[in-house]
Amino acid sequence: MPESDKKEVILEGIPASPGVAHGTALVYLQNQLEIPSFEIEEAQIDDEIERLDQAILATRSEITVVRNKVAESLGEGEAAIFDAHLMVLEDSALISEVTTEVRKSKKNVEQCYNDVAQRYISFFSSMEDEYLKERVSDIRDVTRRLLHNLIGSQKVDLGDIQSDTIVISEDITPSDTADMDRTKLLGFATDMGGKTSHSVIMARSLQIPAVVGMHDATKRIKSGDQILLDGHDGIIVINPTEDRLFKYGKLATERRKLDKIYHTAIAEPSETKDGSPIALMANIEGAQDMEGALEMNADGVGLFRTEGIFLRHHGYSSEEVQYEEYAAVAKAAGEHPVIIRTLDVGGDKTIGDENFKEDNSFMGFRAIRFCLENLGVFKSQLRAILRASAFGNVKIMYPMISGLSELRRANEVLESVKQELREAGIAFDGDIDVGTMVEVPSAAVIIDLLAAEADFLSIGTNDLIQYLMAVDRLNDRVAHLYDPSHPAVLRTLKSIIDGGIRANTPVSICGELAGDPMFAALLLGMGASSLSLTSSSLPEVKYLIRQIEMKEAQALVNDVLQSNSSEKSMELLESFRKRAIGELLV
Ligand code: PEP
Ligand code: MG
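Figured I'd write up the structure that's included with this text. (Residues numbered from 1 in each chain as written. Chains lettered and ligands numbered in written order. Predicted model: local features only at pLDDT ≥ 70, side-chain atom pairs only at ≥ 80, totals over all residues. Heavy atoms only, no water.)

What to know about the nonpolar core
Then step 1. F378, Y398, L493, L522 and L531 are the most contacted members of the largest nonpolar core, which totals 107 residues.
Then step 2. Per-element tally for this core: the top contributor is helix α20 (residues 517-526), with eight residues.
Then step 3. Counting 32 residues, the second-largest nonpolar core is a separate cluster that includes I95, V109, F124 and L146. (Core = buried A, V, L, I, M, F, W, Y, C linked by side-chain atoms within 4.5 Å. Buried < 20%, exposed > 50% of the residue type's maximum accessible area, 1.4 Å probe, protein only. Helix = DSSP H or I, 4+ residues; strand = E, 2+ residues; numbered from the N terminus.)

See below:
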């Protein structure tokens, strides 16, 4: 059928990362590896084993290609993980167990390989030794590749996509996002997910348009379809008409004009019309984001999500790898503060490890809970951060603190690491500030206690809202209940900031709400000392703040706190924003 005769279809989802993309769909079904299971005849045994040999050969050449690509772009150190994969693939004990299993059970080789691999996985997972435990993710990865080759299913490599691709998937993990070739990827959409999933946060920071919560996009879109993805309104149009493409073209021109106006604020001071300052800092995932942060004139880094380093390296990174990255960021930021958050692994950031296979992963073994039980990982990160503190204004922040005892235990570990460095004569900032995130409701309730012991506080609204309202931030079915304007959320934010002010402890906001122009004035009026946001959102937020007076922002806080419904609060926030910059809005 000629392109022009194809029917236009519109699918709706949740707008997640702004921007419009027009390209070719690639449906990425990562999780659908169905392992066939059937009986074989005695005479077929040799054929099954021959199939295994062929699959091992194919997998070996696949891994070698990736290994060489990584070695070329990132260096030999980074490629080492793939050498470990080759060792797993060619492990003679594993191969011989599989062939014995095929002979004994007379089942197909896919089934036997998977059974043996699962046995290895549970054996290594139960090990005390951290190094051996980490081998689990290697076995898992190799097994997945090998099974794909045995089954003959096509494994899409997100690092090797065609130009102008829009990825459509059930879900996209942060490590998928880290693997994507951003020069070719125009946008992505997922059936699942909410606005504050980490893949979405990464997409926003990379300015990749995204729509989530589409429910069944993977069933309705086929690879090769021409689609238009609108990350502002959360829609996908399959086979868009010329007329629609023309309208979107006009809209894009309007948006570009608006962007130019917002960008005029970049060089101006970050303060209200009447001169009240507010630091606007950047959320980053690694040294590569510093260029964007400096371009936007950010007042430092308010949240360095260090998981990015671990995800990019597909495992626990060494002290040296981390140190280099932290030091590069500290140097690039100059006088400005750089708040490095210790590892917040778990939740939707799993580094492919057995540790994180949990039913309620966001409420499970995550962040500071993981670090306090994995002191090797925690201490090597603290050492790397402390060493980098010799090069700039570095601060440390702990994620997911739920009470004083966790903060104190983390600080004890920090003190022991400081002592080791002192004894080894290694330079670091002995007065380094240590703060805590406020993202667990129990921390919000005891804010007076935490504010008395922390040098600074930073509100993680992404988690705070999910825990306060019992709405999983990844679950598209309850995404409509994830409501930042709910009176419970607004009162909690105000009470945390008041607690900080009473104790003279600065309070920043580093969740996605800080970059939402609808909420920025409100948070400023509540008394936040800084907002930390994705660099790309910074110009609009700064422009808005420069249009308003502090007393107007404070009056907005009063009005909103008196309204007892989220609808009314949203109305107030929207009309405030319109009054401030209304003449610009398209
Ligand atoms: C938050 O929870 O708001 C936050 C900033 O941390 P993360 O999104 O990484 O969980
Ligand atoms: Mg969080």
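Brief notes about the coordination of the magnesium ion (ligand 2)
Then step 1. Coordination of the magnesium ion (ligand 2) by the protein involves E439 (OE) and D463 (OD), with metal-donor separations of 2.0 to 2.1 Å. Of this pair, E439 sits in the loop between β13 (434-438) and α16 (441-445) while D463 sits in helix α18 (residues 461-469), and the two are 24 residues apart along the sequence. For the residue pair E439 and D463, the accessibility class agrees, reading buried in each case. (Donors = N, O, S within 2.8 Å, 3.2 Å for Na, K, Ca; no water.)

Observations regarding the packing of aromatic side chains
What characterises a pair of aromatic rings is the spacing of the ring centres plus the angle enclosed by the ring planes.
Then step 1. Enumeration according to the criterion identifies seven aromatic pairs in this entry.
Then step 2. Measuring from ring centre to ring centre gives 6.4 Å for Y323 and F391, while their planes differ by 50°; the resulting arrangement is tilted. One end of the pair, Y323, is in helix α12 (residues 319-333); the other, F391, is in the loop between α14 (375-388) and β12 (393-398), with 68 residues separating them in the sequence.
Then step 3. Here F391 falls in the partly exposed class, since its relative accessible area comes to 36%.
Then step 4. A centroid spacing of 5.5 Å and a plane angle of 65° characterise the contact between F365 and F370, whose relative ring orientation is edge-to-face. Here the two residues F365 and F370 agree in accessibility, since each one is buried.
Then step 5. The structure contains a cluster of three or more aromatic residues connected by ring pairs, namely Y120, F123 and F124.
Then step 6. Its guanidinium or amino end placed over the ring of F391, K331 lies 4.5 Å from that ring's centre, counting from NZ or CZ.
Then step 7. One residue, R387, lies across the ring of Y323, its end atom 3.9 Å from the ring centre. (Phe/Tyr/Trp six-rings, centres within 6.5 Å; stacked < 30°, edge-to-face > 60°. Lys NZ or Arg CZ within 6 Å of the ring centre and 35° of its normal.)

Things to note about the site of ligand 1
Then step 1. Ligand 1 sits among 17 residues. The nearest are H198, R305, R341, N462 and R473.
Then step 2. Within the side chain of E439, one N or O atom sits 3.0 Å away from an oxygen atom of ligand 1.
Then step 3. A distance of 3.1 Å separates an oxygen atom of ligand 1 from a polar atom in the backbone of T461.
Then step 4. Contact with the protein chains hides 100% of the accessible area of ligand 1, taken as 290 Å² for the molecule alone.
Then step 5. Taken together, the elements giving at least two residues each to the shell around ligand 1 come down to α7 (198-205), β10 (301-305) and α18.
Then step 6. Residue composition of the shell around ligand 1, grouped by class: four nonpolar, five polar and eight charged. (Near = heavy atom within 4 Å. Polar contact = N/O pair within 3.5 Å; in protein donor to acceptor, adjacent residues only side chain to side chain. Areas by Shrake-Rupley, 256 points an atom, 1.4 Å probe, with all protein chains shown as cover. Nonpolar A, V, L, I, M, F, W, Y, C, P; charged D, E, K, R; others polar.)

Details of α14
Then step 1. Its 14 residues give α14 an end-to-end C-alpha distance of 20 Å, which sits within 8% of 20 Å, the value for a rise of 1.5 Å per residue.
Then step 2. With ten of 14 residues buried, α14 is to be regarded as a mostly interior element.
Then step 3. Taken as a whole, α14 has its buried residues at V377, F378, S380, Q381, L382, A384, I385, L386, R387 and A388.
Then step 4. Residues of α14 that are buried make contact with α11 (307-312), α12, β11 (337-341), α13 (367-373), β12 and α15 (404-423). (Expected span 1.5 Å × (residues − 1). Contact = heavy atoms within 4.5 Å.)

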